[in-house]
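Coordinate analysis (summary)
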Amino acid sequence: MIGYLAGTLTTLAFAPQLLKALKTKSTKDISLLMLLCSTTGMTLWLYHGLLIKDMALVLANSVSVALASTLLVYKLKRDHFELNRDTASTNDGTIGL
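The model shown is predicted, which means the values in this text are computed figures rather than measured ones.

Details of the side chain of Lys75
Summarising the element assignment, Lys75 is placed in helix α4 (residues 55-90). From its side chain, Lys75 meets the backbone oxygen of Ile30 in a polar contact 2.8 Å long.

Observations concerning the confidence of the model for the protein chain
On average, residues of the protein chain carry a pLDDT of 85, and 84% of them reach 70 or more. When pLDDT is averaged over each helix and strand of the protein chain, the minimum, 83, is found for α4 and the maximum, 95, for helix α3 (residues 32-52).

Focus: unusual backbone geometry
Despite not being glycine, Lys25 has its phi angle at roughly 60°, a positive value. Phi at Lys53 is positive, roughly 55°, even though this residue is not glycine. Note on Lys53: relative accessible area 74%, which makes it exposed.

Digging into the pattern of salt bridges
A complete count under the given rule lists one salt bridge for this structure. We note a salt bridge from Lys75 to Asp79, for which the minimum N-O separation is 2.4 Å. One end of the pair, Lys75, and the other, Asp79, are both in helix α4, four residues apart, so they sit about a helical turn from each other. Overall, the relative accessible area of 7% leaves Lys75 in the buried class. By relative accessible area, which is 27% here, Asp79 ends up partly exposed.

Topic: the nonpolar core
Ranked by internal contacts, the top residues of the largest apolar core, which has 13 residues, are Phe14, Ala21, Ile30, Leu35, Met42, Leu67 and Leu71. Those elements that provide at least two residues to this core are α2 (14-24), α3 and α4. Among the elements that take part in this core, α4 stands out by supplying six residues, more than any other. The contacts of Leu67, once residues within four sequence positions are left out, are Thr11, Phe14, Ala15 and Leu18.

Each value, and the rule that gives it
Every chain is numbered on its own, with residues counted from 1 as its sequence reads. Under the rules for a predicted model, residues below a pLDDT of 70 receive no local features and side-chain atom pairs below 80 are neither given nor counted, while totals for whole chains, interfaces and linings still include all residues. Excluding hydrogens and water, the side-chain figures rest on all heavy atoms present in the structure. Labels follow the DSSP assignment, with helices taken as runs of H or I lasting at least four residues and strands as runs of E lasting at least two, numbered in each case from the N terminus. We call two N or O atoms a polar contact when they sit within 3.5 Å, provided that within protein one can donate a hydrogen and the other can accept it, with sequence-adjacent residues counted only if both atoms are side-chain atoms. Confidence scores labelled pLDDT are given residue by residue by the predictor and lie between 0 and 100. Partly exposed describes any residue whose relative accessible area lies between the buried limit of under 20% and the exposed limit of over 50%, with all areas from a 1.4 Å probe on protein chains only and scaled to the type maximum. Criterion for a salt bridge: a side-chain nitrogen of Lys or Arg within 4 Å of a carboxyl oxygen of Asp or Glu. Nonpolar cores were defined as sets of buried Ala, Val, Leu, Ile, Met, Phe, Trp, Tyr and Cys residues, with membership established by side-chain atoms within 4.5 Å. We call two residues in contact whenever any of their non-hydrogen atoms come within 4.5 Å of each other.

Here you go:
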């Protein structure tokens, strides 16, 4: 029972951040390193849960990985790919001296 409660709270922790990022279309205040570490850790917990057949770990981390991965992809798309696209479109090919 404690595992399901802990998993629910941990999983729900990412939902408000994801919803805010989607609503504001901004992820600039979210740390990329935190997202990478969190998503990797959750994926490892999910794998561990599958290995030991712990349904609480599997359920909680399945949803957590989905939420965190969505936020991670959205951040990479918004902050990295669009930044590179904007930089490329403003580059006129001249060399400043």
